[in-house]
Amino acid sequence: SRGLGDVYKRQKIKGTKMLEPKIVELKDIEILYVRKTGHYKKSSQEAWKTIMPFAYQHKIKNKKNLMGKNAMMFGIGHDNPHITESQKLRYDACISWDDKSVKPEGEIQNKIIDGGKYAMFLHKGLYDNLINTYDGVADWIVNSSIELRDLPIIEKYLNKDPRRTKPENLRTEIYVPIK
């Protein structure tokens, strides 16, 4: 059987570039979120369909709603789909929460995304292809022998309305918590 070394030699021959992250320091980010369980494609859609109406209906100071120009959107998949059964996968759809006059209600909860040191990778294109970028992230983790913190990987969605964005223009930052 071929080892990882053979895979990387083939990548160099084909000119495939290994992913290299940008190392960043994040501050704690207060968020509102909805958690759904099940296959990531389905649970993520359900979570966003729950939190976005909440975000758009709540008026905040000097803005129309929670989705103002400084709003940030995150996704947190808590489980590895290669290990965890699909019906048990947990996904959080999150939006930044700056104005505390808006209170969580119903399925909407609040928490903090922990700040600290992260390796940030940029994914370009369809969300359905994130798995390919994650394969590259996993390769980087193995090859860099970096030490991970016991926190979930975070996806930051840079496009405010993916429905109105061409698929090739979608941008997602993937944050891997490192020591």
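Thresholds applied
Residues numbered from 1 in each chain as written. Predicted model: local features only at pLDDT ≥ 70, side-chain atom pairs only at ≥ 80, totals over all residues. Heavy atoms only, no water. Helix = DSSP H or I, 4+ residues; strand = E, 2+ residues; numbered from the N terminus. Contact = heavy atoms within 4.5 Å. Areas by Shrake-Rupley, 256 points an atom, 1.4 Å probe, with all protein chains shown as cover. pLDDT = per-residue confidence, 0-100. Pairing = 2+ DSSP bridges. Axes fitted to C-alpha atoms, helices over the stretch in contact; angles between N-to-C directions. Buried < 20%, exposed > 50% of the residue type's maximum accessible area, 1.4 Å probe, protein only. Lys, Arg positive; Asp, Glu negative; His and termini not counted. Salt bridge = Lys/Arg side-chain N within 4 Å of Asp/Glu carboxyl O. Polar contact = N/O pair within 3.5 Å; in protein donor to acceptor, adjacent residues only side chain to side chain. Expected span 1.5 Å × (residues − 1). Arc of directions from axis to C-beta. Core = buried A, V, L, I, M, F, W, Y, C linked by side-chain atoms within 4.5 Å.

Regarding the overall build of the chain
For the chain, the helix and strand inventory stands at three helices and eight strands. For the chain, the N- to C-terminal ordering of α and β elements is α-β-β-α-β-β-β-β-α-β-β. Considering only intrachain contacts with a sequence separation of at least 6, the fraction spanning at least 24 residues in the chain is 74%. For the chain, the computed accessible surface area is about 11100 Å², with 51% contributed by carbon and sulfur atoms.

Section: the confidence of the model for the chain
Per-residue confidence for the chain averages 87 on the pLDDT scale, and 87% of its residues sit at or above 70. Below pLDDT 50 for its whole length, residues 1-16 participates in eight contacts with residues either more than four positions away or in separate chains.

A look at the sheet that holds strand E7 (residues 154-157)
Ordered by their spatial adjacency, eight strands build an open sheet running E1-E6-E8-E7-E3-E4-E2-E5, and the pairing between neighbours is antiparallel. Either end of the sheet is taken by a strand with one partner, and the two such strands are strand E1 (22-26) and strand E5 (109-113). Looking at each pair of strands side by side, their axes are set apart by 35° on average, direction ignored. Running at roughly 30° to strand E4 (residues 90-96), helix H2 (residues 40-57) makes contact with strand E2 (29-37), strand E3 (73-77), E4 and E7 of the sheet. The strands that helix H3 (residues 130-144) touches are strand E6 (116-124), E7 and strand E8 (171-177); relative to E8, the one it contacts most, it runs at about 30°.

Brief notes about the side chain of Glu155
Among the secondary structure elements, Glu155 is positioned in strand E7. In this structure Glu155 is buried but unpaired, with Lys111 as the nearest side chain of opposite charge at 13 Å. A distance of 2.7 Å separates a polar atom in the side chain of Glu155 from a polar atom in the side chain of Tyr134. Polar contacts involving the side chain of Glu155 include one to the side chain of Tyr157, which spans 2.5 Å. Discounting residues that sit within four places of it in the chain, Glu155 has contacts with Met73, Phe74, Gly75, Leu130, Tyr134, Thr172 and Glu173.

Digging into the environment of Ile174
Checked against the element boundaries, Ile174 lands in strand E8. Ile174 sits in the buried class, given a relative accessible area of 0%. Residues Ile174 and Glu155, spaced 19 residues apart in sequence, show a C-alpha to C-alpha distance of 4.6 Å. Sequence-distant contacts of Ile174, defined by excluding residues within four places in its chain, comprise Ala119, Met120, Phe121, His123, Leu130, Thr133, Tyr134, Ile153 and Ile154.

Observations concerning H2
The first and last C-alpha atoms of H2 sit 26 Å apart over 18 residues, in line with the 26 Å expected at 1.5 Å per residue. Turning to H2, its buried residues are Tyr40, Ser43, Ser44, Ala47, Trp48, Ile51, Met52, Phe54 and Ala55. For H2, the angular spread of the buried residues around the axis is 160°, confining them to a single face. Exposed residues pointing more than 90 degrees away from the buried face of H2 are listed as Lys42 and Lys49.

Digging into the nonpolar core
Burial of nonpolar side chains together is a common tendency in soluble globular proteins. Leu32, Trp48, Ile51 and Ile95 are the most contacted members of the largest nonpolar core, which has 21 residues in total. Counting only elements with at least two residues in this core, the list comes to E2, H2 and E4. A per-element tally of this core places H2 first, with seven residues. Not counting chain neighbours up to four residues away, the residues in contact with Leu32 comprise Ile51, Phe54, Leu66, Ala93, Cys94, Ile95, Trp97, Pro104, Ile108, Gln109 and Asn110. By size, the runner-up hydrophobic cluster in this structure holds 12 residues, among which are Ile29, Tyr33, Ile113 and Ile154.

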